[in-house]
Amino acid sequence: MPETSLSNRTIDVYIRRYNPERDARPRWQRFTLAVARGMTVLDGLHRIREEQDPTVVFRYSCRMSVCGSCAMLINGRPALACNTQIADVASERLTLAPLPNFDIIKDLVPDLAPLFQKHRAVQPYIQRADMEEVEKPTGEFYQSPKELERYLQFAYCIKCGSCMAGCPTLAADPEYPGPMPLAQAYRYSADSRDSGFDERKVQAGASHGVFRCHYAGECSNVCPKGVDPARALQLMKRELVLDYLRLRRKRCPASVLRVPGEARRNPDVPAPPPYTV
Amino acid sequence: MRETKYWIWHLAAGVLILFLLGLHMAIMHLDSLFGAWGLNPSGGEAIAWNNVVARSRMAAMIVVYIALLGAALYHGFYGLRTIVFELGIGPALQKAVTVGLWTAGLCLFVLGAIAAIAAGRL
Ligand code: SF4
Ligand code: FES
């Protein structure tokens, strides 16, 4: 890890340790860590593992807020370890624990299987009658910038589970799908290329569905990608209500646009560089 | 879809309660204003026995009382159902709770409606 300057500051890092196969309950273990400028929580964990205790378990992959693997409770708040700088959250003491609302696999690693199951249940993919066009595209589905805007921010979700960890409804009701799956149900239903709302509304409008949201808004508060799942849930409620009242505008999913090859290039737009692969 | 239906009615009942309860409070506390509309025919305070009886005999007030009763029962019982569901009960128990609350709500509604209509004959 390249370090620009060592600040010589030492902090206490409390890590919640738990091995379900061996321990009756989780316990806190204290480490001391010399914090360097720019050091992220993930860097700090690597340092602890390399220099103090190789048995500390945590999950990560991309180190750049893209994969969503490293979400954990950092000083009591769900966040990504790889994009949280220690200096921003701790001056003397840093506590690290696994995401709540999930079972613990080991130490800082939550079991995200229920999250992915619930995500799959809302059918988070484009559905349309002409699925062969999706599988073997002959062109591009037309989508205007305005149509893109309807769901774009929800498409930035990296499925890190922070919103699920912050959701008080999910804490009380494990049957509740949670903010991420419900936001994704809206994300696909709002996509002009999709016509799968009728399938998704069964899950989203079920007795443990979107109407159980208490508007706590904590999901949007903690999302490290700036997604606003709470908003998606309210928009999904609106879609369900409009659908029930038969006021939801039925739209044909976007049609295939086959013209790019035939279109004349705007002289102000430079030609793309030649293919390299 | 049933949940969507229940939720829409829950919202509608909330709006109705807001309006009817507002009306009720206004009648109770703005007696000088509503008295002029014939809602306090005996004059004086709105809660005076003669005024209460007179209002109970008005068809419009009977409708208001029954509508307020229905809206309050539905709104409250839906909220109770939500709280019970959040205890994480299974589908069979959910169904039992829904049927139980519907039955209790309807019984209370019928009882209250009979009382409101009977009060019209005081
Ligand atoms: S909505 Fe945000 S917090 Fe929730 S899973 Fe997606 S990226 Fe993570
Ligand atoms: S390691 Fe991929 S998001 Fe943190």
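Owing to the predicted nature of the structure, the values given are computational and were not obtained by experimental measurement. (Residues numbered from 1 in each chain as written. Chains lettered and ligands numbered in written order. Predicted model: local features only at pLDDT ≥ 70, side-chain atom pairs only at ≥ 80, totals over all residues. Heavy atoms only, no water.)

Looking at the overall build of chain A
And step 1. The helix and strand inventory of chain A stands at 11 helices and nine strands.
And step 2. Based on the C-alpha atoms only, the size of chain A along its principal axes is roughly 65 × 55 × 30 Å.
And step 3. Within chain A, the proportion of its 277 residues that are buried is 47%.
And step 4. Within chain A, contacts between residues at least 6 apart in sequence are counted, and of these 65% link residues at least 24 apart.
And step 5. Of the roughly 15,100 Å² of accessible surface on chain A, 51% is carried by carbon and sulfur atoms.
And step 6. Between the averaged position of the 39 positive side-chain charges in chain A and that of its 32 negative side-chain charges there is a distance of 3 Å. (Helix = DSSP H or I, 4+ residues; strand = E, 2+ residues; numbered from the N terminus. Buried < 20%, exposed > 50% of the residue type's maximum accessible area, 1.4 Å probe, protein only. Contact = heavy atoms within 4.5 Å. Areas by Shrake-Rupley, 256 points an atom, 1.4 Å probe, with all protein chains shown as cover. Lys, Arg positive; Asp, Glu negative; His and termini not counted. Charge placed at Lys NZ, Arg CZ, Asp CG, Glu CD.)

Regarding the domain arrangement of chain A
The accessible area lost on association of the parts is a frequent measure of interface size.
Residue and element names in this part refer to chain A.
And step 1. The domain architecture assigned to chain A consists of domain 1 (8-110) and domain 2 (113-244).
And step 2. Computed from C-alpha coordinates alone, the two centres of domain 1 and domain 2 are separated by 29 Å.
And step 3. On the domain 2 side, the residues contacting the 14 residues of domain 1 number 16 residues.
And step 4. Roughly 1,100 Å² is buried in total at the junction of domain 1 and domain 2, and carbon and sulfur atoms are behind 58% of that figure. (Domains from an automatic or database assignment. Buried area = accessible area lost by both parts, 1.4 Å probe.)

A look at the packing of helix 8 (residues 179-189) of chain A against helix 11 (residues 229-244) of chain A
Residues and elements named next belong to chain A.
And step 1. Remark: helix 8 packs on helix 11, axes separated minimally by 8 Å, with the N-to-C direction vectors making an angle of 55°. Considered as vectors, helix 8 and helix 11 are oriented oblique to each other. At the point where helix 8 passes helix 11, the crossing takes the left-handed sense. Together, Pro179, Leu182, Ala183, Ala185, Tyr186 and Ser189 of helix 8 and Pro229, Ala232, Leu233, Leu235, Met236 and Glu239 of helix 11 make up the contact between the two elements.
And step 2. Partitioned by chemical class, the residues of the contact of helix 8 with helix 11 number 10 nonpolar, one polar and one charged. (Axes fitted to C-alpha atoms, helices over the stretch in contact; angles between N-to-C directions. Parallel < 35°, antiparallel > 145°, perpendicular 65-115°, else oblique. Left-handed = near helix turned anticlockwise from the far one by under 90°. Nonpolar A, V, L, I, M, F, W, Y, C, P; charged D, E, K, R; others polar.)

Describing the site of ligand 1
And step 1. Residues in close proximity to ligand 1 include Cys157(A), Ile158(A), Lys159(A), Cys160(A), Gly161(A), Ser162(A), Cys163(A), Met180(A), Cys223(A), Pro224(A), Lys225(A) and Pro229(A), which together make up its full environment.
And step 2. Class assignment for the residues of the shell around ligand 1 results in eight nonpolar, two polar and two charged. (Near = heavy atom within 4 Å.)

Digging into the packing of helix 4 (residues 59-85) of chain B against helix 5 (residues 91-119) of chain B
Residues and elements named next belong to chain B.
And step 1. Relative orientation of the contacting elements helix 4 and helix 5 amounts to 160°, with a least axis distance of 10 Å. Classified by the interaxial angle, the pair formed by helix 4 and helix 5 is roughly antiparallel. You can see that helix 4 and helix 5 cross each other, and the crossing is right-handed.
And step 2. Residues that form the contact of helix 4 with helix 5 fall into these classes: 19 nonpolar, five polar and one charged.

Quick look at a positive patch on the surface
Residue and element names in this part refer to chain A.
And step 1. A grouping of Lys146, Arg150, Arg231, Arg238, Arg249 and Arg251 is seen on the molecular surface, where their side chains present a positively charged patch.
And step 2. By the secondary structure assignment, Arg238 is in helix 11.
And step 3. When its relative accessible area of 48% is taken as the criterion, Arg238 is described as partly exposed. (Patch = residues over 30% accessible without salt bridge, like charges linked within 9 Å, V, L, I, M, F, W, Y side chains within 5 Å. Salt bridge = Lys/Arg side-chain N within 4 Å of Asp/Glu carboxyl O.)

Details of the packing of aromatic side chains
And step 1. Here the structure, examined in full by the defined rule, presents six aromatic pairs over all chains.
And step 2. Between Phe154(A) and Tyr186(A) the ring centres are 5.7 Å apart and the planes differ by 85°, which places this aromatic pair in the edge-to-face class. Here the residue Phe154(A) occupies a position in the loop between helix 5 (145-149) and helix 6 (162-166), and Tyr186(A) occupies one in helix 8, the gap between them amounting to 32 residues.
And step 3. Centre to centre, the rings of Phe211(A) and Trp7(B) are 4.6 Å apart; their planes meet at 35°, and the pair counts as tilted. Here Phe211(A), found in the loop between helix 9 (197-204) and helix 10 (218-222), pairs with Trp7(B), found in helix 1 (residues 2-29), and the two come from separate chains. For the pair Phe211(A) and Trp7(B), one class covers both residues: buried.
And step 4. An aromatic cluster of three or more residues is present, and its members are Tyr6(B), Tyr74(B), Tyr78(B) and Trp102(B). (Phe/Tyr/Trp six-rings, centres within 6.5 Å; stacked < 30°, edge-to-face > 60°.)

Points about the environment of Leu87(B)
Residue and element names in this part refer to chain B.
And step 1. Structurally, Leu87 is set in the loop between helix 4 and helix 5.
And step 2. Look at Leu87 and you get exposed, because its relative accessible area is 66%.
And step 3. Note: C-alpha distance between Leu87 and Leu21 (66 residues apart in sequence) is 31 Å.

Some details on the pairing of strand 4 (residues 77-80) of chain A
Residue and element names in this part refer to chain A.
And step 1. Across four bridges, strand 3 (residues 71-74) lies against strand 4 in antiparallel orientation. Following the sheet pairing, Met72 is matched in strand 4 by Ala79.
And step 2. Hairpin geometry of strand 3 and strand 4 is characterised by an intervening segment of two residues between the two adjacent antiparallel strands and by a positive phi of about 50° at Asn75. (Pairing = 2+ DSSP bridges.)

A short note on the pairing of strand 5 (residues 93-97) of chain A
Residues and elements named next belong to chain A.
And step 1. Across the five residues of strand 5, four count as buried, placing the element largely inside the fold.
And step 2. Relative to strand 5, strand 3 runs antiparallel, the two being bridged by two bridges. Bridge assignment links Leu73 to a residue of strand 5, and that residue is Ala97.

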